[in-house]
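Geometric and topological summary
Residue strings, one per chain:
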Amino acid sequence: MSTCAFSAKLRELKQDCELLENCLSACDSLTLQQLHKQFNQTEKACMALNCRLDADIQNGRCAAVVQLAQAQKDYYQTAQKLQKQQLVPCFQGDMLLPGEDRSEAAMLYTEYAIDFARHAIYQAMLSALAAMEEEIHCAQKNEKNEEEKV
C-alpha cells in the first residue's frame, strides 16, 4: 500500500492544519466582526463534518468504522456542550474579573482541544501503519498461495 491510498485525506488534514495555524496567527489582528465571521465559517464546516459522520454512522459497512464515527460525533457534541455551557464556571475565582475568567478558560480549553487533535493525528498514524502492515501480510500470503499452485 502506498501513501497514495491516504493522499487525499493527508491533503485535507494539511489544509485544515494550515487553516488552524493561519487563523491562530491572524487572530490578534482581526476585528471582532472578522473573528465572528471566521467563527461562523468554522462552525459551518464543523456542521458539515458532523453530517458526514451521521452518514457514516447510518451507512457504515464495518462496525469498527461506525463506532469510530459515533465516538467522533460524541466528542464533537461533548466539546460543544462544554464550550458553551460549562467552561467559564470552572474558572471562577476571586483574583480575576469575569471577562478574564472567560478568556483564561477559553485559552486553556483551546490548548486541550489542540492536544486532542494531536492525539487524533497519532491515532491516524497508528491506523495507517496497521493498515499497511495488514496489506503486506495479505500480499505475502497471496504470493505464497500462488507459489504453491505452481
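Conventions we followed
- Residues numbered from 1 in each chain as written.
- Predicted model: local features only at pLDDT ≥ 70, side-chain atom pairs only at ≥ 80, totals over all residues.
- Heavy atoms only, no water.
- Helix = DSSP H or I, 4+ residues; strand = E, 2+ residues; numbered from the N terminus.
- Buried < 20%, exposed > 50% of the residue type's maximum accessible area, 1.4 Å probe, protein only.
- Contact = heavy atoms within 4.5 Å.
- Areas by Shrake-Rupley, 256 points an atom, 1.4 Å probe, with all protein chains shown as cover.
- pLDDT = per-residue confidence, 0-100.
- Patch = residues over 30% accessible without salt bridge, like charges linked within 9 Å, V, L, I, M, F, W, Y side chains within 5 Å.
- Salt bridge = Lys/Arg side-chain N within 4 Å of Asp/Glu carboxyl O.
- Axes fitted to C-alpha atoms, helices over the stretch in contact; angles between N-to-C directions.
- Left-handed = near helix turned anticlockwise from the far one by under 90°.
- Nonpolar A, V, L, I, M, F, W, Y, C, P; charged D, E, K, R; others polar.
- Expected span 1.5 Å × (residues − 1).

1. Thoughts on the overall build of the protein chain
Scanning the protein chain for helices and strands turns up four helices and zero strands. Walking the protein chain from its N terminus toward its C terminus, one meets helices and strands in the order α-α-α-α. By the burial criterion, 9% of the 150 residues in the protein chain qualify as buried. Long-range contacts, defined as pairs at least 24 residues apart, comprise 43% of the intrachain contacts of the protein chain with a sequence gap of at least 6. Split by element, the accessible area of the protein chain, about 12,400 Å² in all, is 59% carbon and sulfur.

2. Some details on the environment of Phe-39
Its location among the elements puts Phe-39 in helix α2 (residues 32–59). Separated by 16 residues in sequence, Phe-39 and Cys-23 have C-alpha atoms that sit 10.0 Å apart.

3. Some thoughts on the confidence of the model for the protein chain
In the predicted model, the protein chain carries a mean pLDDT of 84, and 89% of its residues have values of at least 70. The least confident element of the protein chain, judged by mean pLDDT, is helix α4 (residues 98–149) at 86; the most confident is α2 at 90.

4. Concerning a nonpolar patch on the surface
A grouping of Leu-10, Leu-13 and Ile-121 is seen on the molecular surface, where their side chains present a nonpolar patch of about 230 Å² in accessible area. Tracing the chain through its elements places Leu-10 in helix α1 (residues 4–26).

5. Some thoughts on the packing of α2 against helix α3 (residues 63–86)
Each packed pair of helices is defined by two parameters, the angle between the axes and the distance between the axes. For the pair α2 and α3, interaxial distance at closest approach is 8 Å and the crossing angle is 145°. In the packing of α2 onto α3, the handedness of the crossing is left-handed. Of α3, the residues touching α2 (which contributes Glu-43, Cys-46, Met-47, Asn-50, Leu-53, Asp-54, Asp-56 and Ile-57) are Val-66, Ala-69, Gln-70, Gln-72, Lys-73, Tyr-76, Gln-80 and Lys-84. Split into classes, the residues belonging to the contact of α2 with α3 amount to seven nonpolar, four polar and five charged.

6. Describing α2
The terminal C-alpha atoms of α2, which comprises 28 residues, lie 40 Å apart, in line with the 40 Å expected from a rise of 1.5 Å per residue. Turning to α2, its buried residues number three or more, namely Asn-50, Leu-53 and Ile-57.

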